[in-house]
Amino acid sequence: MKWWFAYLALATALLAAPAYAQDASAEKPLTEREKRAAAAKAREAAELRVEEDMVTMTSLVEALSKNLGQIHYLRTLCFGPNDQKWRDYATNMMDIESDGDDERKRQLVRAFNAGYYQEQERHDACSNQVSVDVAALAENGRHIASMLGDPYREQ
């Protein structure tokens, strides 16, 4: 499965990318310690939400497809509708994993779309929370890709 190497590399790059989103705030400035605590709390909440959502998936490939749909929506929200980076990766992954099985491909497309629409319901503008969610989703995608690449995993 060559595609998971590419996904892993891009997920790593995504986490290393600077956050471009800014939330306007009229409150008094937070101390550095308060900022770190708030960021850690937000990240933990996002990771827990992503983990809870994983329980509903029937397979790792379906989970990865949904993950890519979520990241695709968030990326287009911040970088514009012409940015199709994650949709392209999802399309390639689905072609490989479905191997000509139309029903399997439909299942993966449904998972991708479910992830896309789930994030669309949660976010309507690029913000710091989007950056936090992208980081949690990228970490989750990295875990899924790692599990998919494990030659000893259960099929």
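Everything below is about the structure printed above this text.
In this numbering scheme, every chain counts its residues from 1 along its sequence in written order. This being a predicted model, a pLDDT of at least 70 is required before a residue's local features are given, and a value of 80 or more before pairs of side-chain atoms are given or counted; all residues contribute to the totals for chains, interfaces and linings. Only hydrogens and water are removed before side-chain values are computed, so all heavy atoms of the structure are retained for them.

## Section: the packing of aromatic side chains
Pairing of aromatic rings covers Phe, Tyr and Trp, the last counted by its six-membered ring, and requires centre-to-centre distances within 6.5 Å; plane angles under 30 degrees mean stacked, over 60 mean edge-to-face, and any other angle means tilted. Enumeration over the complete set of coordinates arrives at 3 aromatic pairs. An angle of 85 degrees between the planes, with centres 5.1 Å apart, marks the rings of Tyr73 and Tyr116 as edge-to-face. Here Tyr73 is found in helix H3 (residues 60-79), whereas its partner Tyr116 is found in helix H5 (residues 102-122), with 43 residues between them in sequence. Accessibility assignment for this pair places Tyr73 and Tyr116 in one class, buried. Seen in terms of ring centroids, Trp86 and Tyr89 are 5.9 Å apart; in terms of plane orientation they differ by 40 degrees. Their pairing is tilted. You can see Trp86 and its partner Tyr89 sitting in helix H4 (residues 85-98), 3 residues apart, about one turn around the helix. For Tyr89, a relative accessible area of 29% gives the class partly exposed. Taken together, Tyr73, Tyr116 and Tyr117 form an aromatic cluster joined through their ring pairs. Here the basic side chain of Arg75 rests over the ring of Phe79, its NZ or CZ set 4.6 Å away from the ring centre. Note on conventions: DSSP H or I runs of at least 4 residues are helices, E runs of at least 2 residues are strands, and numbering of each starts at the N terminus. A 1.4 Å probe rolled over the protein chains alone gives each residue an accessible area, and that area as a share of the maximum for its type sets the label: buried under 20%, exposed over 50%, partly exposed in between. Geometrically, a lysine NZ or arginine CZ counts as sitting over a ring once it is within 6 Å of the ring centre and also within 35 degrees of the ring normal.

## As for unusual backbone geometry
The backbone of Asp99 sits at a positive phi, close to 45 degrees, despite the residue not being glycine. Mapped onto the fold, Asp99 is located in the loop between H4 and H5.

## Concerning the nonpolar core
Nonpolar cores are built from buried Ala, Val, Leu, Ile, Met, Phe, Trp, Tyr and Cys residues. Side-chain atoms within 4.5 Å join them into one set. Counting residues in each nonpolar core, the largest one holds 19 residues, and the members touching the most others are Leu64, Leu68, Leu74, Met93 and Met94. Counting only elements with at least two residues in this core, the list comes to H3, H4, H5 and helix H6 (128-148).

## Focus: the pattern of salt bridges
In the sections that follow, a salt bridge refers to a side-chain nitrogen of Lys or Arg positioned within 4 Å of a carboxyl oxygen of Asp or Glu. Taken as a whole and assessed by the stated rule, the structure comprises 7 salt bridges. The shortest N-O distance in the salt bridge between Arg106 and Glu103 comes to 3.2 Å. Linking Arg106 with Glu103, this pair stays in helix H5, spanning 3 residues, or about one helical turn. For Arg110, the salt bridge identified is with Glu103, shortest N-O distance 3.4 Å. Judged by its relative accessible area of 48%, Arg110 falls in the partly exposed class. The partly exposed category is assigned to Glu103, whose relative accessible area is 42%. Linked through salt bridges whose partners overlap, the residues forming this network are Glu103, Arg106 and Arg110.

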